[in-house]
Amino acid sequence: MAAPIDPSPDPAAPTLLPRSRVVLAEVARQRRGPERTRTELTQQTVVGEALVRGLVRAQLALALRLSLVVAIGLGGLPLMFAIAPAAGAVKLFGVNLPWLLLGVCAFPFLVGIGWAYVRLAERNEQDFTDLVQRPER
């Protein structure tokens, strides 16, 4: 036979209370915006793809603008010397001006363009990050 069940509760057993859920509306509302945007980026939704496409377009536009500056800056020098041969005959420090400009001055110019590109590309990326982390209204 089965043992009879004792209806009296055990005083040492913990009593279980019904669960209740506490929600802080302010905290939940603040975390939802950036998380939603990050989710759209990671899941590659239409909105996420549009955001990434905008970043890529901004980086490409920057690269093309600075490439144009390099092409005009360095490509314009031989053109200038072809149009004005007297400028090509000028000597500074015993070196012809074309050699000095193309052989010596081109390197600091390219380093400056590279520095500007890195700085502006990082600013584009920071703007993108700020856009992604900005709380939605």
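A count of helices and strands for the chain gives four helices and two strands. The linear arrangement of helices and strands in the chain, starting from the amino end, is α-α-α-β-β-α. When each of the 137 residues of the chain is scored for burial, the buried share is 17%. A separation threshold of at least 6 residues defines the contact pool for the chain, and within that pool the share at least 24 residues apart is 70%. Of the accessible surface of the chain, which amounts to about 11400 Å², a share of 65% is contributed by carbon and sulfur atoms.

Another point: the packing of helix H2 (residues 46–83) against helix H4 (residues 97–133). Their axes nearest at 10 Å, the elements H2 and H4 cross at an angle of 170 degrees. The pairing of H2 with H4 is recorded here as roughly antiparallel in orientation. Seen from above, H2 lies across H4 with right-handed handedness.

Next up on the list: the environment of Met80. Assignment of secondary structure puts Met80 in helix H2. Linking Met80 and Pro98, residues 18 residues apart in sequence, is a C-alpha distance of 9.7 Å.

In a regular helix each residue adds 1.5 Å, so 38 residues correspond to 56 Å; H2 covers 52 Å between its end C-alpha atoms and thus fits that length. Listed in full, the buried residues belonging to H2 are Gly48, Leu51, Leu55, Gln59, Leu62, Leu66, Leu77 and Phe81.

This part takes up the environment of Gly48. Counting through the fold element by element, Gly48 comes out in helix H2. When its relative accessible area of 2% is taken as the criterion, Gly48 is described as buried. In this structure, the C-alpha to C-alpha distance between Gly48 and Val132, residues 84 residues apart in sequence, is 9.5 Å.

This part is about a nonpolar patch on the surface. Taken together, Val90, Leu92 and Phe93 make up a surface patch of nonpolar side chains, about 330 Å² in accessible area. Here Leu92 shows up in strand S1 (residues 91–92). Leu92 gets classed as partly exposed once you look at its relative accessible area, which sits at 37%.

Calculation notes
- Residues numbered from 1 in each chain as written.
- Predicted model: local features only at pLDDT ≥ 70, side-chain atom pairs only at ≥ 80, totals over all residues.
- Heavy atoms only, no water.
- Helix = DSSP H or I, 4+ residues; strand = E, 2+ residues; numbered from the N terminus.
- Buried < 20%, exposed > 50% of the residue type's maximum accessible area, 1.4 Å probe, protein only.
- Contact = heavy atoms within 4.5 Å.
- Areas by Shrake-Rupley, 256 points an atom, 1.4 Å probe, with all protein chains shown as cover.
- Axes fitted to C-alpha atoms, helices over the stretch in contact; angles between N-to-C directions.
- Parallel < 35°, antiparallel > 145°, perpendicular 65-115°, else oblique.
- Left-handed = near helix turned anticlockwise from the far one by under 90°.
- Expected span 1.5 Å × (residues − 1).
- Patch = residues over 30% accessible without salt bridge, like charges linked within 9 Å, V, L, I, M, F, W, Y side chains within 5 Å.
- Salt bridge = Lys/Arg side-chain N within 4 Å of Asp/Glu carboxyl O.

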